[in-house]
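Chain residues, written in single-letter form:
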Amino acid sequence: QVQLVESGGGLVQAGGSLRLSCAASGRTVSSYAMGWFRQAPGKEREFVAGIMRSGSSAAYADSVKGRFTASRNIANNAMSLQMNSLKPEDTAVYYCAARSLGSSWSIRDIEYWGQGTQVTVSS
């Protein structure tokens, strides 16, 4: 029903920047809130950023607040994550996600996931 495809991951030195993109499609995709999660090796998948379907309200994990910016193009439902001042601890697989229910951005609220894109930040 909703298809999500991430792109833009890669290798960057600490202090550098990357911009991730998520192409979203499906008949009902405009009714979903969308966000980003990440999962580092050996760690639980965690919330990074979320944006409501209006594209005007965003939430961020404390660990990325002030460094990452999520945005949503309401015309085509594409979503981006601008990541600045990257740190080695940002290294993870980043996933685009969509939900129609919930308010806390818990993993259990997520209905659709992208395939993930690897972000590696070197020291």
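Heads up: these notes are all about the structure in this document. (Residues numbered from 1 in each chain as written. Predicted model: local features only at pLDDT ≥ 70, side-chain atom pairs only at ≥ 80, totals over all residues. Heavy atoms only, no water.)

All chains considered together, the criterion is met by 1 disulfide. Through a disulfide, Cys-22 is tied to Cys-96; the S-S separation comes to 2.0 Å. Across the disulfide from Cys-22 to Cys-96, rotation about the S-S bond amounts to roughly -80°, and the bridge is consequently left-handed. Of this pair, Cys-22 sits in strand β3 (residues 18-25) while Cys-96 sits in strand β9 (residues 92-99), placing them 74 residues apart in sequence. Both residues of the pair, Cys-22 and Cys-96, count as buried. (Disulfide = S-S within 2.5 Å. Helix = DSSP H or I, 4+ residues; strand = E, 2+ residues; numbered from the N terminus. Buried < 20%, exposed > 50% of the residue type's maximum accessible area, 1.4 Å probe, protein only.)

Right, let's get into the nonpolar core. Judged by nonpolar contacts, the single largest core of 36 residues is most densely connected at Leu-4, Leu-81, Met-83 and Tyr-94. The element contributing the most residues to this core is β9, with 5 residues. When near neighbours in sequence (up to four residues on either side) are disregarded, Tyr-94 contacts Glu-6, Leu-20, Phe-37, Arg-38, Val-48, Phe-68, Leu-81, Met-83, Gly-116, Thr-117 and Val-119. (Core = buried A, V, L, I, M, F, W, Y, C linked by side-chain atoms within 4.5 Å. Contact = heavy atoms within 4.5 Å.)

Moving on to the pairing of strand β11 (residues 117-122). Alternating positions in β11 separate cleanly, Thr-117, Val-119 and Val-121 being buried on one face and Gln-118, Thr-120 and Ser-122 remaining unburied on the opposite face. Relative to β11, strand β2 (residues 10-13) runs parallel, the two being bridged by 4 bridges. Bridging across to β11, Gln-13 finds its partner in Ser-122. Pairing analysis gives 3 bridges linking β9 to β11, with the strands arranged antiparallel. Along β11, the bridge assignment pairs Ala-92 with Val-119. (Pairing = 2+ DSSP bridges.)

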